[in-house]
Amino acid sequence: MTSLRVRIGILGLVLLAGSAAPASPAAAATAPSPTVEEQRLDRAVPREILERSGFDAVPLRFTRALGTAHSYAEARKVVVRQGSALWQRAVDRAQGRGPAGGDLSRDDDRPLYWARLAMTREVRTWEPSFGLTETQRAALLGELERTSRGQTAVRYPGGDRLKRVLVTGFDPFTLDRDIRISNPSGASALALDGTVIDTAEGPARVETVVFPVRWQDFTGQTVERALRPYLKKVDLFTTVSQGRVGRFDVERTNGAWRGGFPDNDNVGVTGVVPVADPASQPQWTTTTLPYKAIVDADTGRFPVYDNTSVTEIPVGGTVPVVRADGPTEGSAARAGGGGNYLSNEIAYRVTLLRDRLGLHEVLPGGHVHTPVLEFGTGNTDPATGAVTDPGFVKNRLDIIAQVQAILVVAVEKAT
């Protein structure tokens, strides 16, 4: 994954750090190094996924293009162009356009994830002759994240002929438990981006974006920055993530609490979800999706539940209490229906943004948890198992199809 030039650059940094040559404290403090998430690239499974999809060529092409940049402005153009191309390539592959690039099934979201990490690692460790300030490097990384996640590619046609639907997905996560993991919400985003679905209320155009599984990015308002421009323009939105085994859940209530489970950089954060204007921040937000209709409809193989459970600290209490039928008045959130990880947080953030934009009564939106994407029978050992199998592919395709079916019901019943 890492080019020879990058390896030499890193070796040079090590030699300089151990030499007697003077170095300023600022220079030492800002020496680039890969993140925990990026370091997983060096393991066998990511390399196999990239090779079997043809996405192993992406970081190599990116490295060459970045090497032609002679200024920050030129580097920015390269990053925007290549990041956007990566997203489009992943969408095209998922939707059957162009070559598959290998024998890995087209519905797989993992090539996008690992190729993006190879590109961010290159930018993070890149030391061009013209020099990069810390601010400039962060800006390049931000551009690469946004463009390669579809966040700059949301396009709805003009007029009223089409309904407008916005869907979000997530990267794979818990990779130290099983680095082979795929995320069906991210796969659904790739399969549905830019598609038109037929509903009883007419055609609906679906646009999608994908978010990282990192607390820091959410603290930095990545969700609000990406979605605020579109919420007043769409007819329905749903955030989607992987949830429980064998079932879909429409999460009724979202809580303003981070439970501290480690993210993809192995960082855990506990506390109130940090948002703008915390003085007016509610402890709970609610779905405005037509949850009863979704639960009652025959949308696919997996059962769908209206999940009303939360965990709260009641008024006057000090101990968290599980409530099967939602929060009580004045309670403090400790978990929404979707828990207290980043899936709950994206649901909380987007529904709060909906409400703060004055759209609670007019914009259907909320969170859907997909089933856990499981490998097939006999392929359950992370240490020895294959990166894919027929059961794994079938499970992912069935989940994607059911996400689409749920969107159809949501559009029809919310109108």
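A short tour of the structure in this document, coming up. (Residues numbered from 1 in each chain as written. Predicted model: local features only at pLDDT ≥ 70, side-chain atom pairs only at ≥ 80, totals over all residues. Heavy atoms only, no water.)

All right, on to helix 13 (residues 342-356) then. Here helix 13 spans 20 Å end to end across 15 residues, near enough to the 21 Å set by a 1.5 Å rise per residue. Where burial is concerned, most of helix 13 is hidden: 13 out of the 15 residues are buried. Backbone geometry just after helix 13 places Gly 358 at a positive phi near 75°. (Helix = DSSP H or I, 4+ residues; strand = E, 2+ residues; numbered from the N terminus. Expected span 1.5 Å × (residues − 1). Buried < 20%, exposed > 50% of the residue type's maximum accessible area, 1.4 Å probe, protein only.)

This brings us to the pattern of salt bridges. Using the criterion set out here, one finds 32 salt bridges in the structure. For Arg 124, the salt bridge identified is with Glu 38, shortest N-O distance 2.8 Å. Note that Arg 124 is positioned in helix 7 (residues 110-125) and Glu 38 in helix 3 (residues 36-39), a separation of 86 residues in sequence. Take Glu 38: its relative accessible area is 1%, and that puts it in the buried class. (Salt bridge = Lys/Arg side-chain N within 4 Å of Asp/Glu carboxyl O.)

Bringing the packing of aromatic side chains into the picture now. For the structure shown, the criterion picks out nine aromatic pairs. With 5.7 Å between their ring centres and 80° between their planes, Trp 126 and Phe 130 make a pair best called edge-to-face. Taking the relative accessible area as the measure of exposure, Phe 130 reaches 28% and is therefore partly exposed. By the ring-pair criterion, three or more aromatic residues cluster together here, those being Phe 173, Trp 215, Phe 261 and Tyr 341. (Phe/Tyr/Trp six-rings, centres within 6.5 Å; stacked < 30°, edge-to-face > 60°.)

We note that Thr 174 has phi near 55°; this positive angle belongs to a residue other than glycine. Tracing the backbone shows Thr 174 in the loop between strand 1 (163-170) and helix 9 (184-192). The backbone phi angle of Asp 277 is positive, close to 55°, even though this residue is not glycine. With respect to the element layout, Asp 277 can be found in the loop between strand 8 (270-272) and strand 9 (284-286).

As a further point, take the sheet that holds strand 11 (residues 310-313). One open sheet holds the three strands; their spatial order is 12-11-13, and the pairing between them is antiparallel. Each edge of the open sheet is held by one strand with a lone partner, namely strand 12 (321-323) and strand 13 (332-335). Averaged over all adjacent pairs, the angle separating strand axes in this sheet is 40°, with direction ignored. (Pairing = 2+ DSSP bridges. Axes fitted to C-alpha atoms, helices over the stretch in contact; angles between N-to-C directions.)

Read from one edge of the open sheet, seven strands run 2-3-1-4-14-5-10, paired in mixed fashion. The open sheet has two free edges, formed respectively by strand 2 (196-199) and strand 10 (304-307), since each of these has just one partner strand. Sheet twist, expressed as the average angle between the axes of neighbouring strands with direction ignored, equals 30°. Relative to strand 14 (residues 365-370), strand 5 (residues 248-251) is paired through three bridges, and the arrangement is antiparallel. From the neighbouring strand, Glu 251 faces strand 14, where its bridge partner is His 367.

Shape is all these values report; function is a separate question.
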